[in-house]
Amino acid sequence: MPSALHTTKHSVPLHFLVVDDNPTITHLIELQLCKAGYCCTTAANGKEALLQIGRNVFDLVISDISMPGMNGLELLKAIKLKKPLLPVLIITGHATIENAVEALRLGAINFITKPIRFDKVFETINKVLDLNKRKNALYTAGKYLIQEARHFAIPTGELYVSDLATYLTDPLDQIALVDTACLKSVTMAIYETLINAVEHGNLELDSTLKLSGRGGMASFTGMKEKRLHDPAFASRKVTIQSFITANMAQFTITDEGSGFDYAALVNPTTEGFIDKPHGRGIFLIRQIFDEVKFNDSGNSISLVLHKKIS
Amino acid sequence: MNTNMIENSHAVVKIAGNLDGQKSDELMIAVEKQIIPGNVDVLVDFENVDYISSMGIGTLISLYRDIKEKNGYLILYGIRDAVKDIFDRTHLNKRLIICDTEKDALDYLRNKHN
């Protein structure tokens, strides 16, 4: 059992989320982990766990498999959709090979049986620590980056917009191209661009539906789900090219849709337009990036950001 | 999204994290649930919102229009600088009712209803 306090790069203790409908179990795990110097949050079911994951940054989720409502495997699936990189340890009272195989297939970092053996829990924690160490080593090297070029072609069905936006803009923080506050706006601008490529571009959805009341939102979400499971749409790729140097970053994002008429964009601060709920994505992107260009067919956008910290 | 109905007169919705597409859907559902006859005033706590996307802005405008039509008030408070900057740049500060604190928002409501 580790005696020292384990820390991440920001000297914050590892934060775990413990999920079980039995409060005696969550309390027992919490007690053992807190004794070892870790920080714990508990949740009584899958729904509560997802809410906590939306609010906090966790290093590991430890979840029971059988819970009323959303069970551990369903929770694991939902976590891998929202936060593919968040490790999940599954605990079960009834060990079956099917359950173990299913948990690992869905992306669990490990699988242990009840009664809980804490040496097995700490073994998994050590695995998470090793992963974090590797991340920290990469982070340190990132400070000294001279130039980096990346090129992705991601099928729409496997593109997790929020996590990808963070992943693409993380190097800007490491090389101090922008400060933390500016990084958040850059990440959100990349998020806007990726959402456009996915929803307007490859899935050919009409996002004005989304803001036309609850019925519109439901039909938008229904259509999006349907198309994400239709190979004709889901296999279309979003291509991302990023080129980062110590002084600038350039991102080019291209979809396989029919493009849009960027010349027809209206400045949303024009009187008469302010009350309209749509058409601010590109405007917000233009507020953040120094250069914004489209190709002729309007299915590719190129963004340039110059160094903001002297 | 945490929503509280206060003394059957107004609702307070607290947003945690960035107001992106998914959070906007949650906000729309949370606020629409609160708009019932006799209770159309909604306060939205922005204290934990670091950044707002275009869908977040669109959602606020839709809600503002719905609530205004029903003679109610949508009031935002606790707004951080980055979000305030976006409201200024998009001129939404001219439409939305923005207060510093929850107390200011409640004072605003009291004045309007008296």
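Numbering of residues starts from 1 in each chain and follows the order in which that chain's sequence is written. The lettering of chains begins at A and the numbering of ligands begins at 1, in the order of writing. Residues qualify for local features only when their pLDDT is at least 70, as the model is predicted, and side-chain atom pairs are given and counted only at 80 or more; totals for whole chains, interfaces and linings, by contrast, use all residues. Hydrogen atoms and water are omitted, and side-chain values are computed over all heavy atoms in the structure.

J.: Account for the pattern of salt bridges, naming residues and giving values.
T.: Salt bridges are defined by distance alone: a side-chain nitrogen of Lys or Arg within 4 Å of a carboxyl oxygen of Asp or Glu. Here the structure, examined in full by the defined rule, presents 19 salt bridges over all chains. For the salt bridge of Arg95 of chain B with Asp275 of chain A, the shortest nitrogen-to-oxygen distance reads 2.6 Å. Taken together, the positions of Arg95 of chain B in the loop between helix 3 (81–89) and strand 5 (97–99) and Asp275 of chain A in the loop between strand 8 (248–254) and helix 10 (281–288) put the pair across two chains. Counted as one network, the salt bridges with shared partners bring together Asp20, Asp64 and Lys114 of chain A. Labels follow the DSSP assignment, with helices taken as runs of H or I lasting at least four residues and strands as runs of E lasting at least two, numbered in each case from the N terminus.

J.: Help me get a handle on the domain arrangement of chain A, residues and values and all.
T.: Residues and elements named next belong to chain A. Residue ranges for the domains trace back to a domain assignment, done automatically or taken from a database. What the domain assignment lists for chain A is domain 1 (15–139) and domain 2 (143–306). Between the C-alpha centres of domain 1 and domain 2 there is a distance of 32 Å. Here, residues are in contact when the closest pair of their heavy atoms is within 4.5 Å. Across the boundary between the two partners, domain 1 contributes six residues, which contact five residues of domain 2. In total, domain 1 and domain 2 occlude about 480 Å² of area from one another, counting both sides; carbon and sulfur atoms represent 49% of this. By buried area we mean how much accessible surface two parts lose on assembly, using a 1.4 Å probe and totalling the loss over both. Area buried by domain 1 at its contact with domain 2 is led by Leu81, Pro84 and Tyr139, which between them contribute 79% of it. One can count zero salt bridges joining domain 1 with domain 2. Whenever two N or O atoms come within 3.5 Å, that pair is a polar contact, provided that in protein one can donate a hydrogen and the other can accept it, and provided that, for residues adjacent in sequence, both atoms are side-chain atoms. There are zero residue pairs in polar contact (both at pLDDT 80 or more) connecting domain 1 and domain 2. Of all elements in the fold, only helix 3 (72–82) and helix 5 (118–142) reach the threshold of two or more residues within the side of domain 1 that touches domain 2.

J.: Pulling in residues and values, what's your account of the packing of aromatic side chains?
T.: A pair of aromatic rings is counted whenever rings of Phe, Tyr or Trp (Trp by its six-membered ring) have centres within 6.5 Å, and the orientation is called stacked for planes under 30 degrees apart, edge-to-face for over 60 and tilted otherwise. Counted by the stated rule, this structure contains eight aromatic pairs over all chains. Ring centres 6.3 Å apart and planes at 80° place the aromatic pair Phe251 of chain A and Phe289 of chain A in the edge-to-face group. Placement of Phe251 of chain A in strand 8 and of Phe289 of chain A in the loop between helix 10 and strand 9 (291–294) is noted, with a sequence separation of 38 residues between them. When a residue's accessible area, from a 1.4 Å probe over protein chains only, is under 20% of the maximum for its type it is buried; when over 50% it is exposed; and in between it is partly exposed. A residue is classified by how much of its surface remains accessible, and Phe251 of chain A, at 0% relative accessible area, is buried. Among the residues examined, Phe289 of chain A registers a relative accessible area of 4% and is labelled buried. Between Tyr73 of chain B and Tyr108 of chain B, the aromatic rings sit 6.0 Å apart at their centres with planes inclined by 80°, giving edge-to-face as the arrangement. Note that Tyr73 of chain B is positioned in the loop between helix 2 (54–69) and strand 4 (74–77) and Tyr108 of chain B in helix 4 (residues 102–113), a separation of 35 residues in sequence. Judged by its relative accessible area of 22%, Tyr73 of chain B falls in the partly exposed class. An aromatic cluster is defined as three or more aromatic residues linked by ring pairs; in this entry it consists of Phe16, Tyr38 and Phe122 of chain A. Arg150 of chain A extends its terminal NZ or CZ atom over the ring of Tyr167 of chain A, reaching a point 4.8 Å from the ring centre. Only lysine NZ and arginine CZ atoms are considered, and such an atom sits over a ring when it is within 6 Å of the ring centre and within 35 degrees of the ring normal.

J.: Can you explain the nonpolar core? Please cite residues and give values.
T.: By size, the foremost hydrophobic cluster in this structure holds 76 residues, and its most contacted members are Leu172, Leu194 and Phe289 of chain A together with Phe46 and Phe87 of chain B. At 11 residues, the largest contribution of residues to this core is made by helix 7 (residues 180–202) of chain A. Once residues lying within four places of it in the same chain are set aside, the contact partners of Leu194 of chain A are Val161, Leu164, Ala165, Leu168, Val238, Ile240 and Ile253 of chain A. Within the second largest apolar cluster, 23 residues are counted, among which are Leu50, Ile53, Leu76 and Ala100 of chain A. Residue types Ala, Val, Leu, Ile, Met, Phe, Trp, Tyr and Cys, when buried and joined through side-chain atoms within 4.5 Å, form a set referred to as a nonpolar core.

J.: Outline the sheet that holds strand 3 (residues 60–64) of chain A, listing residues and values.
T.: What links the strands of a sheet is backbone hydrogen bonding, and the strands pair in either a parallel or an antiparallel sense. Residue and element names in this part refer to chain A. Two strands are counted as paired when DSSP detects at least two bridges linking them. Strand order in the open sheet formed by five strands is 2-1-3-4-5, and the pairing between neighbours is parallel. Edge positions in the sheet fall to strand 2 (39–43) and strand 5 (110–113), since each of these pairs with one other strand and no more. Direction aside, the axes of adjacent strands within the sheet are offset by 20° on average. Relative to strand 4 (residues 88–92), strand 3 runs parallel, the two sharing four bridges. Its bridge partner lying in strand 4, Val61 is registered against Val88. What counts as an axis is a line fitted to C-alpha atoms, over the stretch in contact for a helix, and the angles between N-to-C directions run from 0 to 180 degrees.

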